[in-house]
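Architecture and fold: a report
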Amino acid sequence: MYDIKDDLAATLAEIEDAGLTKHERELTSPQSSHVRTKQGEALNFCANNYLGLADHPEIVAAATDALQQWGFGMASVRFICGTQSQHAELERRIADFVGQEAAILYSSCFDANGGTFEVLFDAQDAIISDALNHASLIDGIRLSKAKRYRYQNADMADLRTQLEAAREAGARRTVVVTDGVFSMDGYYAPLDEICDLAEEFGALVMVDDSHAVGFVGDGGRGTHELKGVLDRVDIVTGTLGKALGGASGGYVAAHREIVDLLRQRSRPYLFSNAVAPSVVAGSLKALELAATSTDQREALRRNTSLFRELMTEAGFELLPGGHPIVPVMFPGEDGARTAAQVADAMLERGVYVIAFSYPVVPQGKARIRVQLSAAHSEDDVRTCVQAFVDARDEVTAGS
Ligand SMILES: *Cc1c(COP(=O)(O)O)cnc(C)c1O
């Protein structure tokens, strides 16, 4: 007789045999540049805590006050009785910050992306998506009945080909969808070129800026600011779960009509609980810090350049760029194993980084993805580089 438990155990064994099991390391401290685990203290270089706001005292205080003033939970979706004035205020602030008319909050950016496409694009329409887009965009697009086109990562010749195909198919609305920053490489999408092409074809541009909002661009407003197209992007989605305090929540910011329609029709918005009051209050404070102060952004930039400079001097191969995601490459056949061994040896030295290999990244392109934070001190960055050097020495001596 068929036994689902046996069947699933076999699948789990396959995942384990392929070396793909994800093990969760339990922190016994708040999220920060320095964390505690059961194995001891570690310097953390793998969080999305770009601005170091995850345990920022002003944000913790704002969230604590909100528990007293606004209570713990909403126990309602937004349209029944789950909208406090601070939810509406956070939406206005997000819209202003990313340069859009309006914004709508979701429980996560995964939900924001999951709930947008089927509302705005149906069988008469075309969605043209970058091949390396985030899983939530891919899933959201699958929920829509629109025709789907895919272009090779950041390849503008291929994007043109797909735009031509959509036009030939007679699409009513066409949208080009891209991550602002590709998280495995730390590369920025060429949004200026994408906007030019979209304009030529009368297409909309949608950007998921989760790995950029708060710190990319002079004002931290995102990849569209960095690329000089702040007012040429039609739809911006993003998360509150990374640089902007790192708690949870996501949003879609766009023309007022888009946001208004999402409020009427978007399923993860209509059928899921409102974001908790303390998270809203903390996120408002995070946004205020990101919008009014340049200190954290400058610290983040300093740390990123120092890390790149010292690692290059030490002979490591880095992918080029300026984003605080810095991939340290371990190419070739043995790369996956070397990267994993180096990451383990670094953790023994109290530095927490993560190795990625196939199928998360292409075959032969294994890497350790380092993520800098404004909360790292110069010493922290130097300690991380030294741990890389020592771990590499240990691993190459042993092989
Ligand atoms: C992290 C991330 C998300 C998911 O955000 P959540 O708010 O955690 O659901 C979506 N898109 C991109 C590009 C991301 O990097």
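Residues numbered from 1 in each chain as written. Predicted model: local features only at pLDDT ≥ 70, side-chain atom pairs only at ≥ 80, totals over all residues. Heavy atoms only, no water.

1. Regarding the layout of surface pockets
What counts here: The definitions used throughout rest on a 1 Å grid laid over the protein atoms alone, on which a cavity is an enclosed set of points accommodating a 1.4 Å probe that cannot get out and a pocket is an open set flanked by protein within 12 Å on both sides along at least five of seven lines; lining residues are those having an atom within 4 Å of a point. Grid points are joined across faces, edges and corners, and a volume is the space filled by probe spheres set on the points. Here a strand is any run of E in DSSP of at least two residues, a helix any run of H or I of at least four, and the numbering for each starts at the N terminus. Classes in brief: Ala, Val, Leu, Ile, Met, Phe, Trp, Tyr, Cys and Pro nonpolar; Asp, Glu, Lys and Arg charged; the others, Gly included, polar. As used throughout, domain bounds are those supplied by an automatic or database domain assignment.
Looking at the largest pocket, its volume works out to about 1,400 Å³. Contributing to the lining of the largest pocket are 39 residues, with Lys-22, His-23, Ile-354, Ala-355 and Phe-356 lying nearest its centre. Secondary structure elements with two or more residues in the lining of the largest pocket: helix H15 (335-348), strand S14 (354-356) and strand S15 (365-371). Counting residues per element, the lining of the largest pocket draws most heavily on H15, which supplies 7 residues. Taken together, the residues that form the lining of the largest pocket break down as 20 nonpolar, 11 polar and 8 charged. Structurally, the lining of the largest pocket is a two-domain feature, drawing no fewer than three residues from each of domain 1 (18-51 + 294-398) and domain 2 (57-291). In this model, the second largest pocket occupies a volume close to 350 Å³.

2. Notes on the site of the ligand
Inclusion rule: By convention in these notes, a residue is near a molecule or strand provided one of its non-hydrogen atoms lies within 4 Å of it. Polar contacts, as counted here, are pairs of nitrogen or oxygen atoms within 3.5 Å of one another; within protein the pair requires one atom able to donate a hydrogen and one able to accept it, and residues that are adjacent in sequence qualify only if both atoms are side-chain atoms. Areas reported as accessible are Shrake-Rupley estimates using a 1.4 Å probe. Residue values count occlusion only from the protein chains shown.
Taken together, Ser-108, Cys-109, Phe-110, His-134, Ser-136, Asp-179, Asp-208, Ser-210, His-211, Thr-239, Lys-242 and Gly-249 make up the full set of residues adjacent to the ligand. Here a nitrogen atom of the ligand sits 2.5 Å away from a polar atom, N or O, in the side chain of Asp-208. At 2.6 Å, a side-chain N or O of Thr-239 approaches an oxygen atom of the ligand. For the ligand, whose unbound accessible area comes to 380 Å², protein coverage reaches 82%.

3. Some thoughts on the sheet that holds strand S6 (residues 174-179)
What counts here: Paired strands, as defined in this entry, are two strands with at least two bridges between them according to DSSP. An axis is simply a line fitted to the C-alpha atoms; with a helix, the fit covers only the stretch in contact. Between two such axes, the angle follows the N-to-C directions and lies from 0 to 180 degrees. Residue contacts are defined here by distance: any two heavy atoms, one from each residue, within 4.5 Å place the two residues in contact.
Sheet architecture is open: 7 strands sit in the order S3-S11-S10-S9-S6-S4-S5, paired in mixed fashion. In the strand order of this sheet, the two ends are held by strand S3 (102-106) and strand S5 (147-151), each with one partner. Pairs of neighbouring strands in the sheet enclose a mean axial angle of 20 degrees, with direction left out of account. Across the sheet, helix H9 (residues 191-201) lies against S5, S6 and strand S9 (204-208), angled at about 155 degrees from S9, the strand it touches most. Lying over the sheet, helix H11 (residues 256-265) contacts S3, strand S10 (235-239) and strand S11 (250-254), oriented at roughly 30 degrees with respect to S3.

4. Some thoughts on H11
Note the cut-off: Summary of the burial criterion: residues with accessible area below 20% of their type's maximum are buried, those above 50% are exposed, and those between are partly exposed, where the area comes from a 1.4 Å probe applied to protein chains only. Summarising the geometry, the arc corresponds to the directions from the helix axis toward the C-beta atoms.
For H11, the set of buried residues is Ile-258, Val-259 and Leu-262. In a view along the axis of H11, the buried residues occupy a sector of 95 degrees, so they form one face of it. Counted as exposed and oriented over 90 degrees from the buried face of H11: Glu-257, Gln-264 and Arg-265. Against S3, helix H6 (117-120), S10, S11 and helix H12 (267-270) lie the buried residues of H11.

5. Focus on the environment of Ile-104
By secondary structure assignment, the location of Ile-104 is in strand S3. Taking the C-alpha atoms as reference points, Ile-104 and Ile-138, 34 residues apart in sequence, are found 20 Å from one another. Residues within four places of Ile-104 in sequence aside, it is in contact with Glu-91, Gly-250, Tyr-251, Val-252, Val-259, Leu-262, Arg-263 and Tyr-269.

6. Let's talk about the sheet that holds strand S12 (residues 325-331)
What the 3 strands build is an open sheet, ordered S12-S15-S14; its pairing is antiparallel. Among the strands making up the open sheet, the edge pair consists of S12 and S14. Sheet twist, expressed as the average angle between the axes of neighbouring strands with direction ignored, equals 30 degrees. Packing against the sheet, helix H14 (residues 295-313) makes contact with S12 and S15, and its axis sits at approximately 20 degrees to S12. Against the sheet, H15 touches S12, S14 and S15, its axis set at about 30 degrees to S15.

7. Some words on the UniProt feature "domain: Aminotransferase class I/classII large" (unreviewed entry) in the protein chain
The test is simple: UniProt positions are given in the numbering used here, feature names are shortened, and annotations may be inferred rather than shown by experiment.
UniProt's feature table lists "domain: Aminotransferase class I/classII large" (unreviewed entry) at residues 43-387, given in the numbering used throughout. With 44% helix and 18% strand, the stretch residues 43-387 has end C-alpha atoms that lie 11 Å from each other.

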